[in-house]
Amino acid sequence: MHVGGLRHSNSQASNGKTSLNLMETDVVSSLDTSVTASIPQWDTLVQTMAGLYRSDKNDQPVPAVATSYHKSSDGKTYTFNLRLPNGQTVIL
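So, here's what we can say about the structure. (Residues numbered from 1 in each chain as written. Predicted model: local features only at pLDDT ≥ 70, side-chain atom pairs only at ≥ 80, totals over all residues. Heavy atoms only, no water.)

Check the secondary structure of the protein chain and you find one helix and seven strands. Starting at the N terminus, the α and β elements of the protein chain follow one another as β-β-α-β-β-β-β-β. In the protein chain, buried positions account for 11% of the 92 residues. When contacts within the protein chain are restricted to residue pairs at least 6 apart in sequence, long-range pairs at least 24 apart make up 4% of them. (Helix = DSSP H or I, 4+ residues; strand = E, 2+ residues; numbered from the N terminus. Buried < 20%, exposed > 50% of the residue type's maximum accessible area, 1.4 Å probe, protein only. Contact = heavy atoms within 4.5 Å.)

Given below as structure tokens:
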């Protein structure tokens, strides 16, 4: 995989928090997942958006934003319980 021009730096801010700065090789023209086609756009989306589930170290799905889900008996409807940053739960 070629990632020419990609660099990162870690820095310690005055408030004691650590930040990570990334540079992409091209302009990110959209964060719309339906029109994203370039590697820099996908890199940015992966870095900034969380999915319902993620893969653990054994490539098994574990909750990310979703705390749980229920599948209807006909298998056509999934109901997800979502965890918000403020700790509240939303059912979608």
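We are not done yet, so read on.
Of the pairings in the sheet, the one linking strand β5 (residues 66-71) to strand β6 (residues 78-83) comprises five bridges and is antiparallel in character. Paired with K71 across the two strands is Y78, which belongs to β6. Where β5 folds back onto β6 in an antiparallel hairpin, the turn is made up of six residues, including G75, whose phi is positive at roughly 75°. (Pairing = 2+ DSSP bridges.)

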